[in-house]
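# Commentary on secondary and tertiary structure
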Amino acid sequence: MINETHDPALRSWVASANAPGSDFPIQNLPFAVFRPKGKAGPFRCGVAIGDQILDLAVASRAQVFQSVAAQAAAAGTKESLNALMAMGNNAWSALRLALSRALREKASEQQVLAACLAPQSEAEYDVPAHIGDYTDFYTSIHHATNIGRQFRPDNPLLPNFKWIPIGYHGRCSSIGVSGQRFPRPAGQLKSTDVLKPVLAASKRMDIELELGIFIGQGNDSGAPIPIGQAEQHVFGLCLLNDWSARDIQAWEYQPLGPFLAKNFATTLSPWVVTLEALAPYRVPFTRAEGDPEPLPYLDSPCNRERGCIDIRMEALIRTERMLREGTPAFSLARTSYKYSYWTIAQLVAHHTVNGCNLRPGDLFGSGTMSGPVLEQAAALIELTAGGKNPIALPRGESRTWLEDGDTAILTGWCEGPGKARIGFGTCEGTLLPARS
Ligand code: MN
C-alpha cells in the first residue's frame, strides 16, 4: 500500500508545498471543486498543492497525462467529483501517481502545469460531490457513553453498540461547504417543568466534530460489499460538522432518532483526502479486553491489522468578539479518528449487508469522534456536561452552548516521525440569529 507517492523526501516545484507544516505537501494531493472567488462560472475539480490549486480541467486539456491517468483527469473537468469517484480505485491511484511525478522538483511537466495553477486564496469552493444519500454513524464509544449518560443516566450505552455500527439516514439538501452560514433553527422544545412543548428557537446549539467519508464506486442493489473489498469503494475523507440542536433532539429522538435536531445544516471541508494518501497513518483495529469480537462479516485480517487511521482532529470556536478584536480562535477539543469503535471498512460492509446499494458521491459521517478523556470530547454537550460547566474563553467570555455569531472551525491532520504531514484544511461554519 505504501508506494513512491508517500516518500517523505519528495519535494515539489510548487515551493509552498515544501513549507514545514503545510497541509498540502506533494504526498497529500486531495481533491475539491472550486472556481475563482466571486465569478459566476462553473465549478471544476482541482488538486491542492501547497497554497495553490492544480486546475484539473485545464491540465486535462493540456494533455499532460497518459492512459488511465488521462481518463481520470478528464473526469475531473466536471462540476463535481462524482465522475472521478465512479471510475474506481485504479483510476484514482493512477492519477495520484501521475500528479505526484508531474509536480515533483525537476519534472518535465513543470512549465505546462505551472500555467494550470490557481491560488487557493482567490478560490471559492462547492460541496465536492453531488451527494445522493447521507448516512451519519455513531462510532465513538466514548461519545455514545457520554451522551447516553445524559439522555439515559441509568443505561448510558445501549447493548447493541458493541455489535452494530449504529447509524441513521441524514439529509443532503442542507449539506454545505466550509463558510456555510445558517440561522439558529426553531423546533419543538420541552422543559422538564412544563408539560406542554413550545415552538421556539433552539437554546442548546452544538457542534459535532466528525469525518466525512465519500463513497467512490457503488454496488448493485442486492449485492453486499464484503469487508475485504470495502475500502476499494471509498474515495476519501473530509471534515464534517454535524450541527445539533440538543433541546430539539432530546424531545424528538425517541423512537426513531434525530430528525429536525440535525437536518437544518451539515458543513463539510472542501478538500477530500484520498485513502491512499492516508496509508502511512494506518493503525490496527483493536477491541478492549472483554468486548465482543465483531461478527464474521465485520472482520478480516486486513481490518485487524490496519483498519483504523490516526487522524488528529480539532474543534475551535471564534466568537463575534474574538473576530472583531482579532483574538485567535480558541481550541475546544483535540481528538483522533483512531478512537472510532468501528472502521471505515466495517461501515461499508454493514451498510450494504442487507443489499442496500451505495452510489458514487454518497456520504457517511463518522459520528462525533470523542476520545476517552474530557479534553477529547468532540461536542459541547460533553465538554460542558449538558450545559452545566461553562467553558472559559479568552477575555472573559464563556460558552455552554453556541451563541449567535459564533463560528465553529474544524481542522484535521496526520503527522508522525519520518512521515509527510497530511492535512485536511479547515471546515468553518457560522451560526446566525434565528429568523424573527
Ligand atoms: Mn453526528
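Everything below is about the structure printed above this text.
Since this is a predicted model, take the numbers as computed values, not measurements.

## Considering the overall build of the protein
In terms of regular secondary structure, the protein is built from 11 helices and 26 strands. A compact globule built from 436 residues should have a C-alpha radius of gyration of about 22 Å, and the protein, at 22 Å, falls within 12% of that. Along the first, second and third principal axes, the C-alpha set of the protein runs to 70 × 55 × 40 Å. Within the span of the protein, comprising 436 residues, buried residues form 55% of the whole. In the protein, 74% of the contacts between residues at least 6 apart in sequence involve partners at least 24 apart. Accessible area of the protein: about 18,500 Å², with a carbon and sulfur share of 53%. Taking the average place of the 40 positive charges on the side chains of the protein and the average place of its 42 negative ones, the gap between the two points comes to 3 Å.

## Focus on the nonpolar core
In this structure, Leu237, Leu278, Ile309, Ile311 and Tyr337 are the most contacted members of the largest nonpolar core, which totals 67 residues. For this core, the leading source of residues is helix 10 (residues 344–352), giving five residues. Listed in part, the 47 residues of the second largest apolar core include Ala17, Ile26, Cys45 and Leu54.

## Description of helix 6 (residues 141–151)
Inspection of helix 6 places Ile141, His143, Ala144, Thr145, Ile147 and Gly148 among the buried residues, and these make up the whole buried set. For helix 6, the elements touching its buried residues are helix 7 (246–252) and helix 11 (380–383). N-capping of helix 6 is provided by Ser140, with a side-chain oxygen placed 3.2 Å from the backbone N of His142.

## Things to note about the pattern of salt bridges
Under the criterion given, the structure shown has 26 salt bridges. In this structure, the salt-bridge partner of Arg104 is Glu4, at a minimum N-O distance of 2.7 Å. Placement of the pair is Arg104 in the loop between helix 4 (89–103) and helix 5 (110–114) and Glu4 in the segment before strand 1 (31–36), with a sequence separation of 100 residues. Taking the shortest distance from any N to any O, the salt bridge between Glu415 and Arg312 comes out at 3.9 Å. One end of the pair, Glu415, is in the loop between strand 25 (407–414) and strand 26 (422–432); the other, Arg312, is in strand 20 (residues 312–318), with 103 residues separating them in the sequence. In this structure Glu415 comes out as partly exposed when scored by relative accessible area, which is 36%. Take Arg312: its relative accessible area is 29%, and that puts it in the partly exposed class. Here the residues in one salt-bridge network are Asp23, Asp310, Arg312, Glu415 and Arg421, joined through shared partners.

So, how was this worked out
- Each chain carries its own residue numbering, running from 1 in the written order of its sequence.
- In keeping with the predicted nature of the model, local features appear solely for residues at pLDDT of at least 70, side-chain atom pairs appear and are counted solely at 80 or more, and the whole-chain, interface and lining totals rest on all residues.
- Side-chain measures here rest on the full set of heavy atoms in the structure, leaving out hydrogens and waters.
- The secondary structure listing takes helices from DSSP runs of H or I that are at least 4 residues long and strands from runs of E that are at least 2 residues long, numbered from the N terminus.
- Values of the radius of gyration come from C-alpha atoms, whereas the globule rule sets the reference at 2.2 Å times the count of residues to the power 0.38.
- Residue exposure (1.4 Å probe, protein chains only): buried if accessible area is under 20% of the type maximum, exposed if over 50%, otherwise partly exposed.
- Contact criterion: two residues are considered in contact whenever any of their non-hydrogen atoms come within 4.5 Å of each other.
- Areas reported as accessible are Shrake-Rupley estimates using a 1.4 Å probe. Residue values count occlusion only from the protein chains shown.
- Think of it this way: Lys and Arg go in the positive column, Asp and Glu in the negative one, and His and the chain ends go nowhere.
- Where a charge lies is defined by one atom per residue type: Lys uses NZ, Arg uses CZ, Asp uses CG and Glu uses CD.
- The criterion is simple. A nonpolar core is a set of buried Ala, Val, Leu, Ile, Met, Phe, Trp, Tyr and Cys residues joined through side-chain atoms within 4.5 Å.
- Pairs of N or O atoms are called polar contacts if they sit within 3.5 Å, as long as, within protein, a hydrogen donor faces a hydrogen acceptor (for residues adjacent in sequence, only side-chain-to-side-chain pairs).
- A carboxyl oxygen of Asp or Glu within 4 Å of a side-chain nitrogen of Lys or Arg is what we treat as a salt bridge.

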